[in-house]
Amino acid sequence: MCHNCAATAGPALGVGTVPSRRSVAKLLALGAGLTALAACTPDGGTQPPSSSSPSGTPASPASTTPSAGPETSTAAATEPGTVAAPAPATTSAPTPTSPAAGLAKQHSLTDPASPWLVVNKHRPLSPADYVPADLVQPNVALAVSGEAAQLNSTTAIAAEQLFAAAARDGVTMTLASGYRSYGTQVATYNSYVASRGQAEADTASARPGFSEHQTGWSFDIGDGGGACGFQPCFADQPAAVWAKANGHRFGFVVRYPWMFHETTGYYYESWHLRFIGVEAAADMANRGIATLEEYFGLEAAPGYL
């Protein structure tokens, strides 16, 4: 995933009354979404195409707010421009009153090897330079190579099932960005700090050690043709529509859903899928719960501490 769209990227949305999608689209046209989407590029060094082209369907969230994948940690990077990491979050299990507490099998929220790990702007990875021990390349259509084509073994198996089911339904899906190492994130984040300053960098790139991509539990999808890649309009593409409707059957959720940036810290990323297991993903879908923060009973994380 690649992508970090902090809630501070542009005028605040979702605070007070929710603005119309038309008004948000206007903000994007003025460039409010360009910085946020820059963080969503797998190589981090170049900006993706402009996100100012709305999908013409007012009812579609794709025509509004930009989104990006927050795969990085606030852990201190060793180059200029980075910031010191806060102490790792201590909430290691779902709160007793959370929806997830009702599931028979429980998992850690802080162990990077756990499918329930929650990484957000309040919860860095520990250790910050964590590397999954079981990185593999899934047998799916790839739009990338190298480390970005890898996932942890559990996610890889589930991804193969997801992609195969989509293909049976006539939907083309590609792996657009998978694992991203701590070192890659350091270089990406520091390049933004050097060129834009830290405040703006935090709206465009996840800090090292705060990225889901580093865990191997998440990845970004494409449609095979590059249509609307890492842009808001991707939400209207068949791959995104199918994944949103069917991902829970294979243990996946859309990690950064529409209009929940004040909770997740990132604008809508229809391309960013996160594996949490079939039981939990299906339970979230059945309950109509959109974010991991709500499901596990955690505080919202709109910005870094």
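Reading the values: the criteria
- Residues numbered from 1 in each chain as written.
- Predicted model: local features only at pLDDT ≥ 70, side-chain atom pairs only at ≥ 80, totals over all residues.
- Heavy atoms only, no water.
- Phe/Tyr/Trp six-rings, centres within 6.5 Å; stacked < 30°, edge-to-face > 60°.
- Helix = DSSP H or I, 4+ residues; strand = E, 2+ residues; numbered from the N terminus.
- Buried < 20%, exposed > 50% of the residue type's maximum accessible area, 1.4 Å probe, protein only.
- Lys NZ or Arg CZ within 6 Å of the ring centre and 35° of its normal.
- Disulfide = S-S within 2.5 Å.
- Pairing = 2+ DSSP bridges.
- Axes fitted to C-alpha atoms, helices over the stretch in contact; angles between N-to-C directions.
- Contact = heavy atoms within 4.5 Å.
- Expected span 1.5 Å × (residues − 1).

Asker: Quick rundown of the packing of aromatic side chains? Include the residues and the values.
Answerer: To describe a pair of aromatic rings, one takes the distance between the centres and the angle between the planes. Applying the stated criterion to the full structure yields 11 aromatic pairs. The interplanar angle of 65 degrees and the centroid separation of 6.1 Å between the aromatic rings of W258 and Y268 together place this pair among those described as edge-to-face. Here W258 is found in the loop between β7 (252–254) and α7 (261–264), whereas its partner Y268 is found in the loop between α7 and β8 (272–275), with 10 residues between them in sequence. Considered together, W258 and Y268 belong to a single accessibility category, that of buried residues. Grouped by ring-pair contacts, the aromatic residues F163, W217, F219, F252 and F275 constitute a single cluster. The side chain of K121 reaches across the aromatic face of Y266, ending 4.5 Å from its centre.

Asker: Can you tell me about the state of the cysteines, naming the residues and giving the values?
Answerer: In the structure shown here, the tally under the stated rule is one disulfide. Here C228 is linked by a disulfide to C233, with a sulfur-sulfur distance of 2.1 Å. Taking the sign of the S-S torsion, about -115 degrees here, the bridge from C228 to C233 comes out left-handed. For the pair shown, C228 and C233 are each scored as buried.

Asker: Requested: an account of the sheet that holds β7, with residues and values cited.
Answerer: Strand pairing in a sheet relies on backbone hydrogen bonds, with the paired strands running either antiparallel or parallel. Strand order in the open sheet formed by four strands is β4-β6-β8-β7, and the pairing between neighbours is antiparallel. Looking at which strands have only one partner, the edges of the open sheet turn out to be β4 (174–177) and β7. Strand after strand, the sheet turns through a mean of 45 degrees between neighbouring axes, direction not considered. Two strands pair when backbone bridges link them, and β7 and β8 are joined in this way by three bridges, in the antiparallel orientation. Across the sheet, the residue bridging to V253 is R274, located in β8. Where helix α6 (residues 238–246) meets the sheet, it contacts β6 (218–222), β7 and β8, and its direction lies at approximately 140 degrees from that of β6.

Asker: Break down helix α4 (residues 182–196) for me, with residues and values.
Answerer: Helix length check: α4 (15 residues) gives 21 Å between terminal C-alpha atoms against 21 Å at 1.5 Å per residue, within 8%. If you check which residues of α4 are buried, you get Y182, Q185, V186, T188, Y189, N190, Y192 and V193. One or two positions beyond α4, positive phi appears at G197, with a value near 90 degrees.

Asker: Explain unusual backbone geometry to me, using residue names and the numbers behind them.
Answerer: Most peptide bonds are trans, and most residues other than glycine sit at a negative phi. Cis rather than trans, the peptide bond between S126 and P127 has omega equal to 5 degrees. Positive phi is not limited to glycine here, since C228 has a value of about 60 degrees. Relative to the elements of secondary structure, C228 occurs in the loop between β6 and α6. Unusually for a residue other than glycine, M259 sits at a positive phi of about 65 degrees. Mapped onto the elements of the fold, M259 is located in the loop between β7 and α7. For M259, a relative accessible area of 22% gives the class partly exposed.

Asker: Can you explain the environment of P112? Please cite residues and give values.
Answerer: Checked against the element boundaries, P112 lands in the loop between β1 (71–74) and β2 (135–136). Given the relative accessible area of 6%, P112 is considered buried. Once the C-alpha coordinates of P112 and G216 are considered, the two residues, 104 residues apart in sequence, prove to be 9.1 Å apart. Those residues in contact with P112 that sit more than four places away from it in its chain are L117, L125, S126, Y130 and W217.

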